[in-house]
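These are the residues of each chain, in order.
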Amino acid sequence: MKKSTPSSKSLLIIISLLLSGMLVKAQFEQKLTFQGALGYIHALSPDYFVEVFEFGGSLDAGLQYNFNRSTSLVVLIKYATFVSNDETFFMDAYYNLIGISLCPKYKFIPHRRLNPYIYGGASLNYSSFSFGSGMQYYETPWEAQFGFNGGFGLDFRITDNFALFWQTGVNGVFYPDDMIFSRYSQLGINISMFKARAL
């Protein structure tokens, strides 16, 4: 049997160490990610809603569990408000929404610094209308509705623990006789922690 030369042995050792290092790095990942985002909302339908409440803003906070580098599950709490824009409306009016959603999320190229992803899921929402002028405002009772949301985004990883993201999507809230449908865009941050071994 032909013996390996010292140089070939050294090469094999170096290759083994490199592969071992890559494997160890791949076996460890951030399991939890906290996220927060600010954005704007544009109502799309129904027409009578858009005539009064066309634009609004949103504030999100969520917790993301990362099954692996590509697949995650996000629990998201959202607050959104639309402000009346009809100049002929005789008083100020607001449509307020608080919701919690459960959204699977999939990243396409998780090992890259700039990473596109898609997401979508179901939501449970509570909404109310408030209106008035001067010091007198009235608010309708908060009522529960089911809904959905989904879209796509770009995640820009700055470090292993910190990233910025932009995402856009659609949101639907079901009412007995109609559905309020809107689109939104957001800018936010991701903070990852609790690195764990992937089994």
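See the structure above.
All figures in this text were calculated on a predicted structure; none of them were measured in a lab.

Undergrad: Lay out the pattern of salt bridges with the relevant residues and their values.
TA: According to the stated counting rule, one finds 2 salt bridges in the structure shown. In this structure, D60 engages K78 in a salt bridge whose closest nitrogen and oxygen atoms are separated by 3.2 Å. Linking D60 in strand 2 (residues 55-66) with K78 in strand 3 (residues 71-83), this pair joins segments that are 18 residues apart in sequence. Residue D60 shares its accessibility class with K78, and that shared class is buried.

Undergrad: Describe the packing of aromatic side chains, listing the residues and the values that go with them.
TA: Under the defined criterion, the tally for this structure stands at 13 aromatic pairs. On the numbers, 5.9 Å between centres and 45° between planes, the contact of F82 with Y95 is tilted. Separated by 13 residues along the polypeptide, F82 in strand 3 and Y95 in strand 4 (residues 92-107) bring together distant segments of the chain. Each member of the pair F82 and Y95 is classed as buried. Among the aromatic residues, those joined into a cluster by ring pairs are F49, F53, F82, Y95 and F129. Note that K78 overlies the ring of Y184, its terminal NZ or CZ placed 4.8 Å from the centroid. Looking at K105, its charged tip hangs above the ring of Y117, at a distance of 4.2 Å from the centre.

What counts as what
Residues numbered from 1 in each chain as written. Predicted model: local features only at pLDDT ≥ 70, side-chain atom pairs only at ≥ 80, totals over all residues. Heavy atoms only, no water. Salt bridge = Lys/Arg side-chain N within 4 Å of Asp/Glu carboxyl O. Helix = DSSP H or I, 4+ residues; strand = E, 2+ residues; numbered from the N terminus. Buried < 20%, exposed > 50% of the residue type's maximum accessible area, 1.4 Å probe, protein only. Phe/Tyr/Trp six-rings, centres within 6.5 Å; stacked < 30°, edge-to-face > 60°. Lys NZ or Arg CZ within 6 Å of the ring centre and 35° of its normal.

None of the figures reported here should be taken as evidence of function without further support.
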